[in-house]
Amino acid sequence: DVAEKGGYPDFMLKEIHEQPRVIRDTLAGRLSAGALEIDELDLSPEELDLIDRVYVIACGTSYHAGLIAKNLIEAWARIPCEVEVASEFRYRNPIITPTTLVVAVSQSGETADTLAAIRDARVKGAKVFGITNVVGSPVARESDGVIYTKANKEIAVASTKSFLGQVVSLTLLAMLLAQAKGKLKTSQVRLLFRELADTAEQVERILADDAAIQEAALACKDASSALFIGRGMGAAVSYEGALKLKEISYLHAEAYAAGEMKHGPIALVDEGFPVIAIATKSPVYDKVVSNLQEAKARGAMVVAVATEGDEDIRAHADHVIYIPKVRDAFSAITASVPLQLFARAIAVARGCDVDQPRNLAKSVTVE
Ligand code: G6P
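Quick notes on the rules
- Residues numbered from 1 in each chain as written.
- Predicted model: local features only at pLDDT ≥ 70, side-chain atom pairs only at ≥ 80, totals over all residues.
- Helix = DSSP H or I, 4+ residues; strand = E, 2+ residues; numbered from the N terminus.
- Buried ≥ 20, exposed ≤ 12 C-beta atoms within 10 Å, placed from the backbone.
- Near = placed C-beta within 6 Å.
- Expected span 1.5 Å × (residues − 1).
- Contact = placed C-beta atoms within 7 Å.
- Core = buried A, V, L, I, M, F, W, Y, C linked by C-beta atoms within 7 Å.
- Pairing = 2+ DSSP bridges.
- Axes fitted to C-alpha atoms, helices over the stretch in contact; angles between N-to-C directions.
- pLDDT = per-residue confidence, 0-100.
- Parallel < 35°, antiparallel > 145°, perpendicular 65-115°, else oblique.
- Nonpolar A, V, L, I, M, F, W, Y, C, P; charged D, E, K, R; others polar.
- Arc of directions from axis to C-beta.
- Left-handed = near helix turned anticlockwise from the far one by under 90°.

What to know about the overall build of the protein chain
A count of helices and strands for the protein chain gives 13 helices and 12 strands. A principal-axis box enclosing the C-alpha atoms of the protein chain has dimensions of 55 × 45 × 40 Å. The buried share among the 367 residues of the protein chain stands at 54%.

Structure follows, in structure tokens:
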């Protein structure tokens, strides 16, 4: 058991630490002669260029990877993109035409609702790409094309390295669509690809020093509820941070787009209430800081995930977790990692079984 865990106390921590490798492996061989290549998708640049609507369909953590992808697909490729949980998508009547691309994201490749959504979308004439971690899985077999997330087997029920592999794969897909639509020049694709590859090293740096994360976790471990907030990429990251925390520590957590705080969640905030904010440098940084101030003024215990070098944030937060500076498009990759460690540290402090949380299954093959 100890050998299987590679010297780590649990699989989750081992898998969190594998993430730099997952980033590198997912990107390996993807850039050739300056252009992005994803041959497995088996669609010509001309066919890709015709795509005029994208749905990302998934469940759980994979759905959160989709929320991140939406930002990139719309920003870079300028294609309208909706993200939907598979159990909703399959029971409504979404607008699907032959130029619709459905991207099904599933770590296990066998989630019942996601599979049903794939089948339904194909019957209605959509092209379906699968993003999965399991070679030859039903999602891979039933999609028109597949990108494998090179995470290798994930054992902890709470997904970490698979999630990061999904985010990186979806980032590649967004770049590919933008390239096919002529919205990103070859030189821009090359630059983005290089910066994306650099996130492997940045994640390594985050993993090398978790002191601030541990300290913040100890301060929050006895809370009965916590609120995660962010905007843009930070909103998507917040949803995943809250999910990770509730999955493994049984501490109630909710995530909100920070601008929504005043429409309800701020009523929860009183003395010592944990508010975890993604406050990295981005076009909406000032807006997030003003939300932090609102929370702080009501006594919240603020934990901020912030960009290295941002000393000003200390005035608005009780605990600051610094992460390396990256372009906003890649901030979900770096900002997610401290939240994984934060959730795990709280679960450990609360005496929970980190790898096998109660009531949850690694893959959900029934509806
Ligand atoms: C289960 C797992 C989650 C996962 C979700 C979707 O609930 O516990 O970690 O995110 O299923 O699974 P999939 O394999 O489709 O990504």
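Notes on the site of the ligand
In the neighbourhood of the ligand, 17 residues make up the surrounding shell, with G60, T61, S106, S108 and T111 lying closest. Examining the composition of the shell around the ligand, we find that three residues originate from one element, helix α4 (residues 60–77), more than from any other.

Remarks on helix α9 (residues 186–208)
Given 3.6 residues per turn, any residue in an α-helix points the same way as the ones three and four places further on. Compared with the 33 Å implied by 1.5 Å per residue over 23 residues, the 34 Å span of α9 between its first and last C-alpha is a close match. For α9, the complete set of buried residues consists of L192, L196, T199, A200, Q202, V203 and I206. Close packing links the buried residues of α9 with α2 (19–27), α8 (161–180), β12 (319–323) and α13 (331–349).

Concerning the nonpolar core
Formed by 134 residues in total, the largest nonpolar core has its most connected members in A174 and A279. With 13 residues, α8 is the largest single contributor of residues to this core. Ignoring anything within four residues of it in the chain, the contact list for A174 reads A69, L72, I73, W76 and A77.

Topic: the sheet that holds strand β5 (residues 100–106)
Paired through their backbone hydrogen bonds, the strands of a sheet run either parallel or antiparallel. Reading across the sheet, the five strands line up as β4-β3-β5-β6-β7 and stay open at both edges, with parallel pairing between neighbours. Looking at which strands have only one partner, the edges of the open sheet turn out to be β4 (81–85) and β7 (145–148). On average, adjacent strands in this sheet sit at an angle of 20° to one another, irrespective of strand direction. With respect to the sheet, α8 is in contact with β5, β6 (127–132) and β7, its orientation differing from that of β6 by roughly 145°.

A look at the environment of M233
Of note, M233 is situated in helix α11 (residues 233–249). Under the C-beta neighbour-count criterion, M233 is labelled buried, with 24 such atoms within 10 Å.

Considering the pairing of β12
A regular strand places its side chains on the two faces of the sheet in alternate fashion. On β12, burial follows the alternation: H319, I321 and I323 on one face are buried, whereas V320 and Y322 on the facing-out side are not. Two elements, strand β11 (residues 301–307) and β12, share five bridges in a ladder whose sense is parallel. Bridge assignment links A306 to a residue of β12, and that residue is Y322.

Here we look at the confidence of the model for the protein chain
Across the protein chain, pLDDT averages 95, with 100% of residues at or above 70. Interface predicted TM-score (ipTM) for the complex: 0.96; the corresponding pTM is 0.97.

Quick look at the sheet that holds strand β9 (residues 252–257)
Taking strand neighbours across the sheet as the criterion, the five strands line up as β9-β8-β10-β11-β12 in an open arrangement whose pairing is parallel. Only two strands of the sheet have a single partner each, and these edge strands are β9 and β12. Between one strand axis and the next, the sheet turns through 20° on average, direction left out of account. Sitting on the sheet, α11 is in contact with β8 (225–230), β9 and β10 (274–279), with an inclination near 175° to β9. Across the face of the sheet, α13 comes into contact with β10, β11 and β12 while running at roughly 135° to β12.

Let's talk about the packing of α4 against α11
Where α4 contacts α11, the axes come no closer than 9 Å and their chain directions differ by 175°. For the element pair α4 / α11, the angle class is roughly antiparallel. Between α4 and α11, the contacting residues are T61, H64, L67, I68 and N71 on the first element and M233, A236, Y239, E240 and L243 on the second. Among the residues making up the contact of α4 with α11, the classes are represented as six nonpolar, three polar and one charged.

Structural notes on the environment of S238
Along the chain, the position of S238 falls in helix α11. Separated by 18 residues in the primary sequence, S238 and Y256 place their C-alpha atoms 7.2 Å from one another. Excluding anything up to four places from it in sequence, S238 contacts F228, I229, G230, A255 and I278.

Focus: the pairing of β11
Extensive coverage of β11 is indicated by the burial of six of its seven residues. Note: β10 against β11, six bridges, orientation parallel. Opposite V275, over in β11, you have V302 as the bridge partner.

With respect to the environment of K244
Turning to its location among the elements, K244 is positioned in helix α11. Once residues lying within four places of it in the same chain are set aside, the contact partners of K244 are A158, L339, Q340 and A343.

Quick notes on α2
Regarding α2, the residues found buried are Q19, P20, V22, I23 and T26. Each buried residue of α2 lies within a common arc of 160° when the element is viewed along its axis, so the set occupies one face. In this structure, the buried side of α2 is in contact with α1 (11–17), α8, α9 and α13. Following α2 by one or two positions, G29 adopts a phi angle in the positive range, close to 75°.

Overview of the packing of α4 against α8
Between α4 and α8, the least distance of the axes is 9 Å, while the angle of their chain directions is 20°. Overall, the two elements α4 and α8 adopt an arrangement that is roughly parallel. Regarding α4 and α8, the two cross each other, and that crossing is right-handed. Between α4, through T61, S62, A65, I68, A69, L72, I73, W76 and A77, and α8, the contact on the second element is made entirely by F163, Q166, V167, L170, T171, A174, M175, L177 and A178.

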